[in-house]
Amino acid sequence: MFTLRRALTLVTTVVAMAGAVLPAQAADIPAPGEIVMSPNIQHVTNVPKPEALADIHTDMAFQGDYAYVGNYYGFSIYDIKRPKRTSLVSSVVCPGGQMDMSVYGNLLFGSVDSSRNNDSCNSTSQPASVKESWEGIRIFDVSDKANPKYIKSVETNCGSHTNTLVPDRKRENVYIYVSSYSPNASFPDCQPPHDLISIIKVPLRDPTAATVIATPNLFPDGGYGGVQQPYPDGKSATTGCHDITAYPEKGIAAGACMGDGILLDIRNPEQPKVTATVRDETNFAFWHSATFNNDGTKVIFTDELGGGTRATCNEAIGPNRGANAYYDIVNGQLQFRSYFKISRHQADTENCVAHNGSLIPVKGRDIMVQAWYQGGISVVDFTDSAHPQEIAFFERGPDNTAPALSGGFWSAYYYNGYIYGSDFNLGLDVLKINDWRTNRANGVKMRSLNAQTQTSYPEHGH
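Because the structure is predicted, anything quoted here is derived from the model rather than measured. (Residues numbered from 1 in each chain as written. Predicted model: local features only at pLDDT ≥ 70, side-chain atom pairs only at ≥ 80, totals over all residues. Heavy atoms only, no water.)

Take the overall build of the chain next. A tally of helices and strands in the chain yields one helix and 31 strands. At 21 Å, the chain has a C-alpha radius of gyration in line with the 23 Å of a compact globule built from 462 residues. Along the first, second and third principal axes, the C-alpha set of the chain runs to 60 × 45 × 45 Å. Burial analysis of the chain (462 residues in total) assigns 60% to the buried set. Nonlocal contacts in the chain, meaning residues at least 24 apart in sequence, comprise 58% of its contacts between residues at least 6 apart. A total accessible area of about 17,800 Å² is found for the chain, and carbon and sulfur atoms account for 50% of it. Between the centroid of the 37 positive side chains of the chain and the centroid of its 46 negative side chains there is a distance of 7 Å. (Helix = DSSP H or I, 4+ residues; strand = E, 2+ residues; numbered from the N terminus. Rg over C-alpha atoms; globule rule 2.2 N^0.38 Å. Buried < 20%, exposed > 50% of the residue type's maximum accessible area, 1.4 Å probe, protein only. Contact = heavy atoms within 4.5 Å. Areas by Shrake-Rupley, 256 points an atom, 1.4 Å probe, with all protein chains shown as cover. Lys, Arg positive; Asp, Glu negative; His and termini not counted. Charge placed at Lys NZ, Arg CZ, Asp CG, Glu CD.)

The tally for this structure, following the rule as stated, stands at four disulfides. A sulfur-sulfur distance of 2.0 Å marks the disulfide that ties cysteine 94 to cysteine 121. With the S-S bond torsion at -85°, the cross-link from cysteine 94 to cysteine 121 turns out left-handed. Placement of the pair is cysteine 94 in the loop between strand 7 (87–93) and strand 8 (98–104) and cysteine 121 in the loop between strand 9 (107–116) and strand 10 (134–141), with a sequence separation of 27 residues. Overall, the relative accessible area of 2% leaves cysteine 94 in the buried class. (Disulfide = S-S within 2.5 Å.)

Ordered by their spatial adjacency, four strands build an open sheet running 12-13-14-15, and the pairing between neighbours is antiparallel. Of all strands in the sheet, those bounded by a partner on one side alone are strand 12 (162–167) and strand 15 (211–214). Here the average twist between neighbouring strands, direction ignored, is 35°. Note: strand 13 (residues 173–179) against strand 14 (residues 198–203), six bridges, orientation antiparallel. From the neighbouring strand, valine 174 faces strand 14, where its bridge partner is valine 202. (Pairing = 2+ DSSP bridges. Axes fitted to C-alpha atoms, helices over the stretch in contact; angles between N-to-C directions.)

Let us now look at the pattern of salt bridges. A full pass over the atoms with the stated rule returns 13 salt bridges. Ionic pairing is found between glutamate 390 and arginine 344, a salt bridge with its closest N-O pair at 2.5 Å. Here glutamate 390 is found in strand 27 (residues 389–396), whereas its partner arginine 344 is found in the loop between strand 23 (333–340) and strand 24 (357–359), with 46 residues between them in sequence. An identical accessibility class is assigned to glutamate 390 and arginine 344; each is buried. Notably, a salt bridge pairs aspartate 381 with arginine 365, separated by 2.7 Å at the nearest N-O pair. With aspartate 381 in strand 26 (residues 377–381) and arginine 365 in the loop between strand 24 and strand 25 (367–371), the pair connects residues that are 16 residues apart, well separated along the chain. Judged by relative accessible area, aspartate 381 falls into the buried class, the value being 7%. You can call arginine 365 partly exposed: its relative accessible area is 26%. Via salt bridges that share partners, Arg344, Glu390 and Glu395 belong to a single interconnected network. (Salt bridge = Lys/Arg side-chain N within 4 Å of Asp/Glu carboxyl O.)

A separate point is the sheet that holds strand 11 (residues 149–155). Pairing within the open sheet is antiparallel, and its four strands lie in the order 8-9-10-11. The sheet is open, and its two borders are formed by strand 8 and strand 11, each paired with just one other strand. Sheet twist, expressed as the mean angle between neighbouring strand axes with direction ignored, is 25°. Across six bridges, the pairing between strand 10 and strand 11 is antiparallel. Counterpart to aspartate 141 in the pairing with strand 11 is lysine 149.

Generally speaking, soluble globular proteins have nonpolar side chains that are buried together. Ranked by size, the top nonpolar core spans 31 residues in total, and within it Met60, Phe62, Tyr78, Ile80, Trp372, Tyr415 and Tyr420 carry the most contacts. For this core, the secondary structure elements donating two or more residues are strand 3 (41–47), strand 4 (57–63), strand 5 (66–71), strand 28 (409–415), strand 29 (418–423) and strand 30 (427–433). With residues up to four places along the chain from it excluded, the contact list for tyrosine 415 reads Phe62, Gln63, Gly64, Ile80, Tyr420, Met446, Arg447, Ser448 and Leu449. Core analysis: the second largest hydrophobic core is formed by 20 residues, Val362, Val379, Ala392 and Phe394 among them. (Core = buried A, V, L, I, M, F, W, Y, C linked by side-chain atoms within 4.5 Å.)

What follows covers the environment of glycine 33. Among the structural elements, glycine 33 can be located in the loop between helix 1 (9–18) and strand 2 (35–37). C-alpha of glycine 33 to C-alpha of glutamate 304: the two residues are 271 residues apart in sequence and 24 Å apart in space. If near-sequence neighbours (up to four positions away) are discounted, glycine 33 is found in contact with Arg396, Gly397 and Pro398.

This paragraph deals with the packing of aromatic side chains. One pass over the structure, following the stated rule, counts 19 aromatic pairs. When the ring of phenylalanine 394 is compared with that of phenylalanine 409, the centres are 6.2 Å apart and the planes differ by 65°; the resulting orientation is edge-to-face. In this pair, phenylalanine 394 sits in strand 27 while phenylalanine 409 sits in strand 28, placing the two residues 15 residues apart along the sequence. You can call phenylalanine 394 buried: its relative accessible area is 0%. One aromatic cluster is present, built from ring pairs that chain together Phe284, Trp287, Phe301, Tyr327, Phe336 and Tyr339. Above the face of the tyrosine 66 ring, lysine 145 is positioned so that its terminal group lies 5.2 Å from the ring centre. (Phe/Tyr/Trp six-rings, centres within 6.5 Å; stacked < 30°, edge-to-face > 60°. Lys NZ or Arg CZ within 6 Å of the ring centre and 35° of its normal.)

What follows is the structure, encoded as structure tokens:
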């Protein structure tokens, strides 16, 4: 049943006039599973998680009339031609978390950051201390959406926690920037120091020839050393990157690298170069992801305090930790402007922290939709990067279908008029926003969306 517990009818007009969603009281927690949302959000549909995939949903990618949703147990393809009737096309069972994905042409690239006894879809977990263990990138041919085919694997140092697709200018090859971290002296293929990324070159005429061509060291000085303190006061050391977002047409990328935020020059995709580095030794615990604005003049970095398994959206943690940080790019350097964190306090059973999102394509404004695990989905206008403002939200009460601190939205992305949310346990949600600040985006039609490979958007049409 839909309710507006946190957007009371009496204040709806005031909210609309003020242009922001009013914060809720800490005690105002919805009932388990109860939906609450701002008046400008509509819940279009929910498609439950496929029974074939026994683990949690993770990240998403989009192409044409299809959505690809990852799962620690594989991935699924959904037909979204009619978003109100979103339906499952197929599921591929291929265990090996976390199945971060990129899609290009007929190819799907999936990240495996789970040490396996081999590279097959029948593999089982095996310690990384065993030399023969495998982790890295799996490549699927998804030309037949009902029957995807596994065609190639590429092993990478420390596996692949996330991956970022970078096409070359001639569209002859695509490059996959593989982010991974947490080396250990007992892991033969993941030795410290691990200050690198792996670059896979994929010839589009022969994707089975994909191979690692470079492992550039992004932190020759070792990066940030971290702070060894108990949660929530510890700061992660830099031992690789968690996530990289590329903006190929502008020749730039931004990396969220555990203890450091970086800018990269990727005009030569085989030789990325770090051009700026920033640290936040006061509030950021784990630099998790990055998003440019459409102009490429701002970067939103997220802090995954607690690794996504803690209740950080509460009074005890406060508004500046586990949050977004907004930076302007000025003369090639990153200048901090502000933090943003959802103001709705969550229950102590609810994992909640800044997580994956994407831009809503409105020319002249900077607006982003973003997942906050059990904090739900938030839409934030950061046109004024010093004063970001939430303009819409959607969430459920605590997820009592799973253990505490293990639910909510992994990712929330805007694609061709709708918001799609990948919920750990409850499946794929489709939302529609109706707001004067975002409605112009309805006329923008994208051919694909890989959130970690940004492209500029036109005002209308293709």
